[in-house]
Amino acid sequence: MSILIRSFRPFGVYRFATFKPTSEIMQSPSNPPIHYSNDKNASDIAAHYIKSGHVIALPTDTVYGLACDANNEIAIKKLYTIKGRDFHKPVAICVRDLGDLRKYGRAEHLSDSLLEKLLPGPITIVIERSKHLSNPFLNPSTSKIGIRIPNFKFIQDLCNIYNEQPLALTSANRSSEKSSLNINEFESLWPSLGGIFDCGQIGTSEERRSASTVVDLSTPGLYKIVREGVALKFTLDALNQHGLKSLDSIG
């Protein structure tokens, strides 16, 4: 069945085209398809791009992100190239639920009550990766992996549809540049993307650009804040309520 997509045209004019398998898509290098993330078929289209090895841009509950199949070696290398990121700097993955978090990360020491308190939401949990993350180009300099479950319907729907592998997820900007709250802020990346999913402005404050709070929970009973992010107080309160101690306070 054909699916209608909107392809971006200069000066805000849109045209409609028939969605075809990736090999048949005729796409101008400067005009990747742009879709509204709240369209009925947007998640299905995004899953098709991911399955075909593309890197896409999409909204999350914090900032706009870049996503691809985390276990696709070519896609991960493409993601790093688009971002201009050092291959030794890690990226996180995005999963659909706590079951997948425990599948792709070693979280035996973390209680369901703690994880349910923290997720879904603007928090990235760093733990040791499991054998199910087999891509040697995904964070090659560490055995750990950051895992997110965003509290955002579009990306949750995408994870439910594309449930074959987790999504690699990083902010939609060049490394060292500020995070993006609308698609025009990462326009320089458009020609390298397979598709863009637009939900408009997703925040107005500069604080929002600090993205998710990143906390390392790989050591039983201890935590380390890696990035303060937008949910620092909430995260600290939850960790303290569950009896975890700061790694920085030990010694």
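All of these numbers come straight from a predicted model, not from anything done at the bench. (Residues numbered from 1 in each chain as written. Predicted model: local features only at pLDDT ≥ 70, side-chain atom pairs only at ≥ 80, totals over all residues. Heavy atoms only, no water.)

Novice: Before we move on, could you go through helix α2 (residues 73-83) and cite the residues and values that matter?
Specialist: Of all the residues in α2, the buried ones are A75, I76, L79, Y80, I82 and K83. All buried residues of α2 fall inside an arc of 165° around its axis, so they share one side. Opposite its buried face, α2 presents the exposed residues I74 and T81, each directed more than 90 degrees away. Regarding α2, its N-cap is N72, as a side-chain oxygen of that residue lies 3.1 Å from the backbone nitrogen of I74 further along. (Buried < 20%, exposed > 50% of the residue type's maximum accessible area, 1.4 Å probe, protein only. Helix = DSSP H or I, 4+ residues; strand = E, 2+ residues; numbered from the N terminus. Arc of directions from axis to C-beta. Polar contact = N/O pair within 3.5 Å; in protein donor to acceptor, adjacent residues only side chain to side chain.)

Novice: Which residues make up the packing of aromatic side chains, and what values do they have?
Specialist: Going through the model one piece at a time under the given rule, you end up with four aromatic pairs. With centroids separated by 5.9 Å and ring planes inclined at 45°, the aromatic side chains of Y64 and F186 adopt a geometry described as tilted. Residue Y64 is found in strand β5 (residues 64-69), and its partner F186 is found in the loop between β9 (167-171) and β10 (195-198); the two are separated by 122 residues along the sequence. Judged on exposure class, the residue Y64 and its partner F186 are both buried. Taken together, a centroid distance of 4.6 Å and an interplanar angle of 15° make the contact between Y80 and F87 stacked. Aromatic ring contacts, followed pair by pair, group Y49, F154 and F197 into a single cluster. Stacked on the ring of F137, the Lys or Arg K77 has its end atom at 4.6 Å from the ring centre. (Phe/Tyr/Trp six-rings, centres within 6.5 Å; stacked < 30°, edge-to-face > 60°. Lys NZ or Arg CZ within 6 Å of the ring centre and 35° of its normal.)

Novice: Go over the packing of helix α1 (residues 42-51) against helix α5 (residues 153-161), please, and point to the residues and values.
Specialist: Interhelical geometry of α1 versus α5 gives an angle of 55° and a closest axis separation of 9 Å. Between α1 and α5, the angle is such that the two are oblique. For α1 against α5, the interelement crossing comes out right-handed. For the pair α1 and α5, the contacting residues are A42, S43, D44, A46 and A47 in the first and F154, D157, L158 and I161 in the second. Split into classes, the residues belonging to the contact of α1 with α5 amount to six nonpolar, one polar and two charged. (Axes fitted to C-alpha atoms, helices over the stretch in contact; angles between N-to-C directions. Parallel < 35°, antiparallel > 145°, perpendicular 65-115°, else oblique. Left-handed = near helix turned anticlockwise from the far one by under 90°. Contact = heavy atoms within 4.5 Å. Nonpolar A, V, L, I, M, F, W, Y, C, P; charged D, E, K, R; others polar.)

Novice: Describe helix α6 (residues 232-241), naming the residues involved and giving the relevant values.
Specialist: All buried positions along α6 are accounted for by T235, A238 and L239. Buried positions in α6, seen along its axis, are confined to an arc of 95° and lie on one side of it. In α6, those exposed residues whose orientation departs by more than 90 degrees from the buried face are K233 and Q241. The inward-facing, buried residues of α6 abut α4 (112-118), β7 (123-128), β11 (213-216) and β12 (222-227).

Novice: How would you sum up the pairing of β10? Please name residues and give values.
Specialist: Burial along β10 is two-sided: the residues G195 and F197 and I196 and D198 are all buried. Relative to β10, strand β3 (residues 34-36) is paired through three bridges, and the arrangement is parallel. Within β10, the residue paired with Y36 across the bridge is D198. Two elements, strand β4 (residues 56-59) and β10, share two bridges in a ladder whose sense is parallel. Along β10, the bridge assignment pairs A57 with I196. (Pairing = 2+ DSSP bridges.)

Novice: Give a description of the sheet that holds strand β8 (residues 144-148) that names residues and reports values.
Specialist: Spatially, eleven strands are ordered β3-β10-β4-β5-β9-β6-β8-β7-β11-β12-β13 in an open sheet, and the strand pairing comes out mixed. Since the sheet does not close on itself, it has two edges, and those belong to β3 and β13 (245-246), each with one partner. One ladder, built from three bridges, connects β11 with β12; its direction is antiparallel. Counted as the bridge partner of V214 is R227 from β12. Each of β4, β6 (92-94), β9 and β10 touches α5; the most contacted strand, β4, lies at about 130° to it. The strands that α6 touches are β7, β11 and β12; relative to β12, the one it contacts most, it runs at about 175°.

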